[in-house]
There are 2 protein chains.
Amino acid sequence: MKVGEIRNKLIEKGLKVTPQRIAILEAIVKLNNHPTAENIIDYIRKNHPNIATATVYKVLDALVENGLIKKVKTEKDIMRYDAVMESHHHLYCSESDRIEDYKDNELNELLEKYFEKKKIPDFKIEDIKLQIIGKFIKNK
Amino acid sequence: MKVGEIRNKLIEKGLKVTPQRIAILEAIVKLNNHPTAENIIDYIRKNHPNIATATVYKVLDALVENGLIKKVKTEKDIMRYDAVMESHHHLYCSESDRIEDYKDNELNELLEKYFEKKKIPDFKIEDIKLQIIGKFIKNK
DNA sequence: TGTCTAATGAGAATAATTCTCTTTTAATAA
DNA sequence: TTATTAAAAGAGAATTATTCTCATTAGACA
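The structure displayed is predicted, hence computed values, not measured ones.

Rules used in this analysis
Residues numbered from 1 in each chain as written. Chains lettered and ligands numbered in written order. Predicted model: local features only at pLDDT ≥ 70, side-chain atom pairs only at ≥ 80, totals over all residues. Heavy atoms only, no water. Near = heavy atom within 4 Å. Polar contact = N/O pair within 3.5 Å; in protein donor to acceptor, adjacent residues only side chain to side chain. Helix = DSSP H or I, 4+ residues; strand = E, 2+ residues; numbered from the N terminus. Buried < 20%, exposed > 50% of the residue type's maximum accessible area, 1.4 Å probe, protein only. Lys, Arg positive; Asp, Glu negative; His and termini not counted. Salt bridge = Lys/Arg side-chain N within 4 Å of Asp/Glu carboxyl O. Contact = heavy atoms within 4.5 Å. Phe/Tyr/Trp six-rings, centres within 6.5 Å; stacked < 30°, edge-to-face > 60°. Lys NZ or Arg CZ within 6 Å of the ring centre and 35° of its normal. Axes fitted to C-alpha atoms, helices over the stretch in contact; angles between N-to-C directions. Parallel < 35°, antiparallel > 145°, perpendicular 65-115°, else oblique. Left-handed = near helix turned anticlockwise from the far one by under 90°. Nonpolar A, V, L, I, M, F, W, Y, C, P; charged D, E, K, R; others polar. Pairing = 2+ DSSP bridges.

*Asks:* Before we go on, may I ask you to explain the protein's contact with DNA strand D in this structure?
*Replies:* With respect to spatial proximity, 23 residues lie near DNA strand D, and among them Ala54 and Tyr57 of chain A together with Thr18, Gln20 and Arg21 of chain B are the closest. One of the side-chain nitrogen or oxygen atoms of Tyr57 of chain A is found 2.4 Å away from a phosphate oxygen of DNA strand D. In the environment of DNA strand D, a phosphate oxygen lies 3.1 Å from a nitrogen or oxygen atom belonging to the side chain of Thr55 of chain B. Elements with a contribution of two residues or more to the surface near DNA strand D: helix H3 (37-45) and helix H4 (53-65) of chain A together with helix H2 (19-31) and helix H4 (53-65) of chain B.

Right, dumping it as structure tokens:
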């Protein structure tokens, strides 16, 4: 994702294009490891040393609200963010905090078909995400 | 889950049986809504007004470590707990904090078969949980 | 280029959780 | 049944992630 692309996405959503917003979105894309706010702050401060903590949190909230990034559910009381917006699943390492994306359209279709037949009573499905917990065999 | 049963589970895991531990496990079972630590504390203090906040957190951690309860992943920076230990999935309301259990063995088998055939490279699956996001049609 | 509103910066405030340390208590053995 | 001991609980302070407040700055648009 290039800066021009980020800029367009912000404009599309009616968000002002600011250097902070660009830097934060860029950071999440570049880090590409479902970073925490702290990870993002550390990364950005290298080039942008004066960005305020609160700004990062506010920008992250704004980006989530506007569908440019997503929050990632974890078992820690620390939020993580994901810039990959296509429907995808997550591989959670049971021994560390590593989280990887898992894209699988065949699986998505399988699930879609399954829940077309088998309805959940009193519930309208909007999205399905798999948390696949396990161990990475090779390390990164 | 009765007190005797809770007692046995604690003994099984080599945990001392204390009134606090029993009360906390009972609370999670009775509340049955994936409560937060705060929910649990409020509930317990009705009958057990002197229990310390730190005790609740420590007991919750001990119960999670020993596999008697599970943490539930959410997008809020607040932890929720679940006393249902059989493999099951969760229905997340997209409009509120409501989370319900979803048990479906047919689905589990489907997924198991699917991932037997289709391996994920460099990853050994231990557990799969679905986060099914949507809307509850009737309210509780 | 000026105006206006929204965004940012800085630091204080808050909320959930963890830590520290003293006291109490459950488990076990005598 | 009582004594012993290690683990657990209690109390409140400390920590950490996140949010709030408000003065200042800067995009967007006329």
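Continuing now.
*Asks:* Explain the side chain of Arg21 of chain A to me, please; I cannot follow it from the model alone.
*Replies:* All names here are of chain A. If you trace the backbone, Arg21 turns up in helix H2 (residues 19-31). No salt bridge is formed by the buried Arg21; the nearest opposite charge belongs to Glu65, separated by 9.2 Å. Residues in contact with Arg21, not counting those within four places in the same chain, are Leu10, Leu15, Lys16, Val59 and Ala62.

*Asks:* How should I be thinking about the packing of aromatic side chains in this particular structure?
*Replies:* To describe a pair of aromatic rings, one takes the distance between the centres and the angle between the planes. Within the structure shown, the criterion is met by six aromatic pairs over all chains. Relative to Phe115 of chain B, the ring of Tyr102 of chain A has its centre 6.2 Å away and its plane inclined at 50 degrees; by these criteria the two rings are tilted. Of this pair, Tyr102 of chain A sits in strand S4 (residues 99-102) while Phe115 of chain B sits in helix H5 (residues 105-117), each in a different chain. On the numbers, 5.1 Å between centres and 90 degrees between planes, the contact of Tyr114 of chain A with Phe115 of chain A is edge-to-face. Here Phe115 of chain A falls in the buried class, since its relative accessible area comes to 7%. Here Lys73 of chain A stacks its cationic end above the ring of Tyr92 of chain B, 4.7 Å away from the centre of that ring.

*Asks:* How should the packing of helix H3 (residues 37-45) of chain B against H4 of chain B be read in this particular structure?
*Replies:* How two helices pack is summed up by the angle between their axes together with the distance between the axes. Residue and element names in this part refer to chain B. Across the interface, H3 lies against H4 with an axial gap of 10 Å and an inter-helix angle of 120 degrees. Classified by the interaxial angle, the pair formed by H3 and H4 is oblique. The crossing of H3 and H4 is right-handed. Taken together, the residues of H4 that come into contact with H3 (itself represented by Ala37, Ile40, Ile41 and Arg45) are Thr53, Val56, Tyr57 and Leu60. Tallied by class, the residues present in the contact of H3 with H4 amount to six nonpolar, one polar and one charged.

*Asks:* What am I meant to see in the sheet that holds strand S4 (residues 99-102) of chain B here?
*Replies:* Strand pairing within a sheet occurs via backbone hydrogen bonds; the two strands may be parallel or antiparallel. The six strands are arranged S4(A)-S3(A)-S5(A)-S5(B)-S3(B)-S4(B) in an open sheet whose pairing can be described as mixed. Edge positions in the sheet fall to S4 of chain A together with S4 of chain B, since each has one partner strand and no second. When strand polarity is set aside, the average angle formed by the axes of neighbouring strands in this sheet is 30 degrees. Pairing geometry for strand S5 (residues 123-136) of chain A and strand S5 (residues 123-136) of chain B, over 13 bridges, is antiparallel. The residue bridging Phe123 of chain A from the neighbouring strand is Phe136 of chain B, located in S5 of chain B. Helix H5 (residues 105-117) of chain A contacts strand S3 (89-93), S4 and S5 of chain A together with S4 and S5 of chain B of the sheet and is inclined by roughly 135 degrees relative to S5 of chain A.

Interpretation in functional terms is not warranted from these geometric data alone.
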